[in-house]
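# Fold and contact review
As a plain string of letters, each chain reads:
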Amino acid sequence: MTGSGRRILTGFAVLVAAVLAVGGVVVDTPGARADQVRDLEYWLNDYGFSQAWTTSRGAGVTVAVIDTGVDGTVAELSGAVVGGTDVSGLGSSDGQTPVGAENEHGTLVASLLAGRGTPAGGGLIGVAPAASILSVSVAFGTSDAELSNDDQIAEAIRWAVDNGADVINMSLTRNTLDWPTSWDDAFMYAFENDVVVVAAAGNRGSGTTEVGAPATIPGVLTVAGVDRTKEASFDASSQGITIAVAAPSEKLVGVAPGGGYLQWDGTSAAAPIVSGLVALVRSAYPKLDAAEVINRVIETANPNGHTVPSPIYGNGLIDAAAAVSAYVPKPTTATPAELLQAWITLHRRADTAPVTPTEPSTMAPVVPDADPALPERDTAAAWLPSPLTLTYVSLPLAVLIGFGILVTLFGIGATRHFKRIRSKL
């Protein structure tokens, strides 16, 4: 038994594990041959990555993996991890000591994203094999962390932005539609600094029936999952109107801390595939801003026969070859920062505390003045006329009433006169 209480089996035997909130089925393959692992990476050809590599391999792009920590000592990640930190208080200062309940998760994500293969030419290769990784370790599933889960995420995002991240991968979910206000500031900080944030939609198999934050945050590129046949995965995906694109989320392979390979399911794995695609686009088109990069990924997605956009597939299945080569018009939609700011303006108003004066008010309520003709407030005398009311109310009213009486009498006389005339005819 391992430290997490899971049975490690050789070959390709299946065991179930909840990897963070968006993990899934994991298959441990410590004895697999390097070339056999490469053969399992069906997504490289099926989603256009092998073809896209003739244009871009992600060079010059830095992706922050906010996760359980990345073991940069494994062969496939040699030279890929260029920096890192720990925000949990449980890991190492470089973020390369796996922490948390399912601490292999971050290394799996990073290897699927930017694995270099092995020196012998085999082993796992990521979808963006020339991209660089920043490892930001967070600790979920434990009460020992110095900060709350929410605060760890906020701090991790800010650190990633300050240390050169072009893309942030978040293979995690809060399992709630909403998020703390501290995330407003952190995500806005990322968007204002031209960083693309990619988030997993979550998995029904792990209890996430609909997307949760950060996948619900406006401006985030949210990823759903599909199976080998490119149809929506039931257990290894979720649904929601914020889903942008879909990527493979079943029977994916990653490198475990210390070496060895795991085959796993979940949008935890689909997200780094899309983060890697974003790295390819940013490398191929370095002058594009974050909004234009996201637009290119979305506009080149393949509907694959489905009506899109949809809450299951988003705008369709990613197409790496098209994303780095197709003509895509400049977007006319709002930027991620504008989208988030609009949401904050609309939804955080109720959270704003009422404004109170800094000094006590000296104004008293306004009440009617007493009539100067009435020294005391006598209810009978209140109905008596005063010089003011005689001048401006009583006399004009009397004239108006008199005029009305004259008109009425004239009308009556005229009526009687016409009746007498008709009776003589």
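Note: the structure precedes this text.
This structure is a prediction, so every number in the text was calculated from the model and none was measured.

## Some words on the overall build of the chain
- On a plain count of helices and strands, the chain comes out with eleven helices and eleven strands.
- For the chain, the proportion of contacts with a sequence separation of at least 24, taken over those separated by at least 6, is 73%.
- Looking at the chain as shown, the accessible area adds up to about 20,500 Å², and 57% of this sits on carbon and sulfur atoms.

## Let's talk about the nonpolar core
- Formed by 106 residues in total, the largest nonpolar core has its most connected members in Trp43, Phe49, Ile157, Ile168 and Phe187.
- In terms of residue count, helix 7 (residues 267–284) provides more of this core than any other element does, ten residues in total.
- Those residues in contact with isoleucine 157, other than ones at most four positions away along the chain, are Ile66, Ile168, Met170, Ala186, Phe187 and Ala190.

## Considerations on helix 8 (residues 290–299)
- Counting buried positions along helix 8 yields nine of ten residues, so the element is predominantly enclosed.
- For helix 8, the set of buried residues is Ala290, Ala291, Glu292, Val293, Ile294, Asn295, Arg296, Val297 and Ile298.
- Of the surrounding elements, those touching the buried residues of helix 8 are strand 7 (196–200), strand 8 (221–226), strand 9 (243–248), helix 7, helix 9 (320–323) and helix 10 (336–347).

## Section: the packing of aromatic side chains
- All chains considered together, the criterion is met by four aromatic pairs.
- Aromatic side chains tyrosine 42 and tryptophan 43 sit 5.1 Å apart centroid to centroid with 85° between the ring planes, which places their arrangement in the edge-to-face category.
- Tyrosine 42 sits in the buried class, given a relative accessible area of 7%.
- Feature note: the residues Trp183, Phe187 and Phe191 constitute an aromatic cluster, connected by ring pairs.
- For the cation-ring pair, arginine 204 lies above phenylalanine 234, with the distance from its terminal atom to the ring centre recorded as 5.3 Å.

## What to know about unusual backbone geometry
- The linkage connecting alanine 213 with the following residue, proline 214, adopts the cis geometry, with an omega of 10°.
- Cis rather than trans, the peptide bond between valine 308 and proline 309 has omega equal to 0°.
- Positionally, proline 309 belongs in the loop between helix 8 and helix 9.
- A positive phi angle, close to 70°, is found at lysine 230, a residue other than glycine.
- Considering the arrangement of structural elements, one finds lysine 230 in the loop between strand 8 and strand 9.
- By relative accessible area, which is 24% here, lysine 230 ends up partly exposed.

## What to know about the side chain of aspartate 227
- Tracing the backbone through its elements, the reader meets aspartate 227 in the loop between strand 8 and strand 9.
- No salt bridge forms around the buried aspartate 227; measuring N to O, its nearest opposite-charge neighbour arginine 228 is 7.9 Å away.

## Structural notes on the packing of helix 5 (residues 149–162) against helix 6 (residues 181–192)
- Running from N to C, helix 5 and helix 6 point in directions that differ by 15°, and their axes come no closer than 9 Å. By the criterion of interaxial angle, the relationship of helix 5 to helix 6 is roughly parallel. Crossing angle aside, the handedness with which helix 5 passes helix 6 is left-handed. Of helix 6, the residues touching helix 5 (which contributes Asp150, Asp151, Ile153, Ala154, Ile157, Arg158, Val161 and Asp162) are Ser182, Trp183, Asp185, Ala186, Phe187, Tyr189 and Ala190.

## Topic: the packing of helix 4 (residues 105–114) against helix 7
- In the contact formed by helix 4 and helix 7, the axes pass within 8 Å of each other and the chain directions differ by 35°. When you trace helix 4 past helix 7, the crossing you get is right-handed. Residues His105, Val109, Leu112 and Leu113 of helix 4 lie in contact with helix 7, whose contacting residues are Ser268, Ala269, Pro272, Ile273, Ser275 and Gly276.
- Grouping the constituent residues of the contact of helix 4 with helix 7 by class yields six nonpolar, four polar and no charged.

## A short note on the sheet that holds strand 6 (residues 167–170)
- The seven strands lie next to each other as 4-5-3-6-7-8-9, forming an open sheet whose pairing is parallel. Across the chains shown, the open sheet's two edge strands, defined by having one partner strand only, are strand 4 (81–86) and strand 9. Averaged over neighbouring strand pairs, the angle between their axes works out to 25° when direction is ignored.
- The pairing of strand 8 with strand 9 spans five bridges and is parallel. Across the sheet, the residue bridging to valine 226 is proline 248, located in strand 9.
- Helix 7 rests against strand 3 (62–67), strand 6, strand 7, strand 8 and strand 9 of the sheet, and its axis sits at about 160° to strand 7.

## Brief notes about the environment of leucine 339
- Looking at where leucine 339 falls in the secondary structure, it is placed in helix 10.
- Sequence separation of leucine 339 and glycine 219 is 120 residues, and the distance between their C-alpha atoms is 5.9 Å.
- Other than its neighbours up to four places away in sequence, leucine 339 contacts Pro218, Gly219 and Ala334.

## Considerations on the pattern of salt bridges
- Enumeration over the complete set of coordinates arrives at six salt bridges.
- Here aspartate 184 makes a salt bridge to arginine 348, at a shortest N to O gap of 2.7 Å. Residue aspartate 184 is found in helix 6, and its partner arginine 348 is found in the loop between helix 10 and helix 11 (387–424); the two are separated by 164 residues along the sequence.
- For aspartate 184, a relative accessible area of 5% translates into the label buried.
- Residue arginine 282 is joined to aspartate 194 by a salt bridge in which the shortest nitrogen-to-oxygen separation is 2.8 Å. Of the two residues, arginine 282 is situated in helix 7 and aspartate 194 in the loop between helix 6 and strand 7; the sequence distance between them amounts to 88 residues.
- Overall, the relative accessible area of 32% leaves aspartate 194 in the partly exposed class.
- One salt-bridge network, in which partners are shared between bridges, spans Asp150, Arg174 and Asp178.

Reading the values: the criteria
- Residues numbered from 1 in each chain as written.
- Predicted model: local features only at pLDDT ≥ 70, side-chain atom pairs only at ≥ 80, totals over all residues.
- Heavy atoms only, no water.
- Helix = DSSP H or I, 4+ residues; strand = E, 2+ residues; numbered from the N terminus.
- Contact = heavy atoms within 4.5 Å.
- Areas by Shrake-Rupley, 256 points an atom, 1.4 Å probe, with all protein chains shown as cover.
- Core = buried A, V, L, I, M, F, W, Y, C linked by side-chain atoms within 4.5 Å.
- Buried < 20%, exposed > 50% of the residue type's maximum accessible area, 1.4 Å probe, protein only.
- Phe/Tyr/Trp six-rings, centres within 6.5 Å; stacked < 30°, edge-to-face > 60°.
- Lys NZ or Arg CZ within 6 Å of the ring centre and 35° of its normal.
- Lys, Arg positive; Asp, Glu negative; His and termini not counted.
- Salt bridge = Lys/Arg side-chain N within 4 Å of Asp/Glu carboxyl O.
- Axes fitted to C-alpha atoms, helices over the stretch in contact; angles between N-to-C directions.
- Parallel < 35°, antiparallel > 145°, perpendicular 65-115°, else oblique.
- Left-handed = near helix turned anticlockwise from the far one by under 90°.
- Nonpolar A, V, L, I, M, F, W, Y, C, P; charged D, E, K, R; others polar.
- Pairing = 2+ DSSP bridges.

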